[in-house]
Amino acid sequence: MDVYFFSCVALLSGVNGWVLNPTESPAPGNLSDVNLIHLIKPSGSPSIHRSRRKRFITQSDMIAILDYHNQVRANVFPPAANMEYMVWDNDLARSAEAWAATCLWEHGPAYLLQFYGQNLSVRTGGYRSILQLVKPWYDEVNDYVFPYPRFCNPRCPMYCRGPMCTHYTQMVWASTTRVGCAVQTCYNMLVWGALWREATFLVCNYSPKGNWIGEAPYQVGVPCSACPSSYGGSCSNNMCFPAIQSNYMYWFK
């Protein structure tokens, strides 16, 4: 029988890969740290081109992961007014590959977690589809209650009926526009105190990171009615879609 375990950068990552449980309150001082980090944005717009470099995961897996994320993002409920289209980023894939190669069942490296979001998934043995490792992140939607604006005063609560909802919220964080993943077969991997002789380990890194304490993952409203001004009003499949990328389904940085 296949066994799954999942983990993610829930709200704020510490230097030891600590994850804040969504039912817990942040420690004093953490919110100011979050706000400082939240102001750090990537500068400029990388050029769009096709890359022949290794993608650190098969191309079919990459397309499946990216399409699945955008499908989930396009169909959130309640509808999102500011959901941005997500693209693949090879820099994120490289960092995911480096961490997956460690076969450590924890988040890292710590210095990158200031800037990246990260979802992890592991299962015993192989897989028929990479989405077997990704879909359970989305399944957390069954335990998640979206915090409508009337509940967000002064900050939005985290409504989660299950043990974890932050894999899902990272997937649908409106301003998270880039993802890069890597998969690794790990032998003798220690997973929560148990030694797994063969494990399939998936790491997905996200930028800009989501899951900020006190914020909702997106604005509720008519799709694309609150797109960032830089998008110029372009809308595709309920998502804010940069016109410059309109002829590219995938962006390889």
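The rules behind each value
Per chain, residues are indexed from 1 in the order of the written sequence. For a predicted model such as this one, the threshold for reporting local features is a pLDDT of at least 70, and the threshold for listing and counting side-chain atom pairs is 80 or more; totals across whole chains, interfaces and linings nevertheless cover every residue. Computation of side-chain values covers all heavy atoms of the structure but excludes hydrogens and water. UniProt positions are given in the numbering used here, feature names are shortened, and annotations may be inferred rather than shown by experiment. Strands are runs of DSSP state E lasting at least 2 residues, helices are runs of H or I lasting at least 4, and numbering of each runs from the N terminus. Here the term buried applies to any residue with accessible area under 20% of the maximum for its type, exposed to any over 50%, and partly exposed to those in between, with areas from a 1.4 Å probe on protein chains only. Contact between two residues is taken to exist if any of their heavy atoms lie within 4.5 Å; hydrogens are not considered. Working definition of accessibility: Shrake-Rupley area with a 1.4 Å probe, residue cover restricted to the visible protein chains. What makes a salt bridge here is a side-chain nitrogen of Lys or Arg within 4 Å of a carboxyl oxygen of Asp or Glu, nothing more. For Phe, Tyr and Trp, where Trp contributes only its six-membered ring, two rings pair if their centres lie within 6.5 Å, and the inter-plane angle classes them as stacked under 30 degrees, edge-to-face over 60, or tilted in between. Charges are assigned to positions over rings by a cutoff of 6 Å between ring centre and Lys NZ or Arg CZ, combined with an angular limit of 35 degrees from the ring normal.

Going by the annotation in an unreviewed UniProt entry, the name recorded for the chain is Peptidase inhibitor 15, with Myripristis murdjan given as the source organism. For the chain, the Sequence similarities (unreviewed entry) comment in UniProt is given as "Belongs to the CRISP family." Per UniProt, the comment on the chain under Subcellular location (unreviewed entry) is "Secreted".

1. As for the overall build of the chain
The helix and strand tally for the chain stands at five helices and nine strands. Listed by position from the N terminus, the elements making up the chain come as β-α-α-β-α-β-α-β-β-α-β-β-β-β. Residue burial in the chain is summarised as follows: out of 253 residues, 49% are buried. Sequence separation of 24 or more characterises 77% of the internal contacts of the chain that already satisfy a separation of 6 or more. For the chain, the accessible area works out to roughly 12200 Å², and carbon and sulfur atoms hold 54% of it.

2. So, the pattern of salt bridges
Applying the stated criterion across every chain yields a total of three salt bridges. Measuring nitrogen to oxygen at the nearest pair gives 3.2 Å for the salt bridge that ties R178 to D89. Here R178 is found in strand β6 (residues 178–191), whereas its partner D89 is found in the loop between β2 (87–88) and α3 (90–100), with 89 residues between them in sequence. Of the two residues, R178 and D89, both sit in the buried class.

3. Regarding the packing of aromatic side chains
Geometry of an aromatic ring pair is reported as the spacing of the ring centres plus the angle between the planes. Summed over the entire model, instances satisfying the criterion amount to nine aromatic pairs. Ring plane angle 70° and centroid distance 5.9 Å describe the contact between W105 and F201, whose orientation is recorded as edge-to-face. One end of the pair, W105, is in the loop between α3 and β3 (117–124); the other, F201, is in strand β7 (residues 194–207), with 96 residues separating them in the sequence. Across this residue pair, the class does not change: W105 and F201 are buried. When the centroid spacing of 5.8 Å and the interplanar angle of 55° are considered together, the rings of Y144 and Y168 count as tilted. Pair noted here: Y144 is in strand β4 (residues 144–145) and Y168 is in helix α5 (residues 166–171), with a separation of 24 residues, a long-range link. Of the two residues, Y144 and Y168, both sit in the buried class. A network of ring pairs unites the aromatic residues Y68, Y138, Y144 and Y168 as a single cluster. Over the ring of Y148 we find R150, and its NZ or CZ is 5.1 Å from the ring centre.

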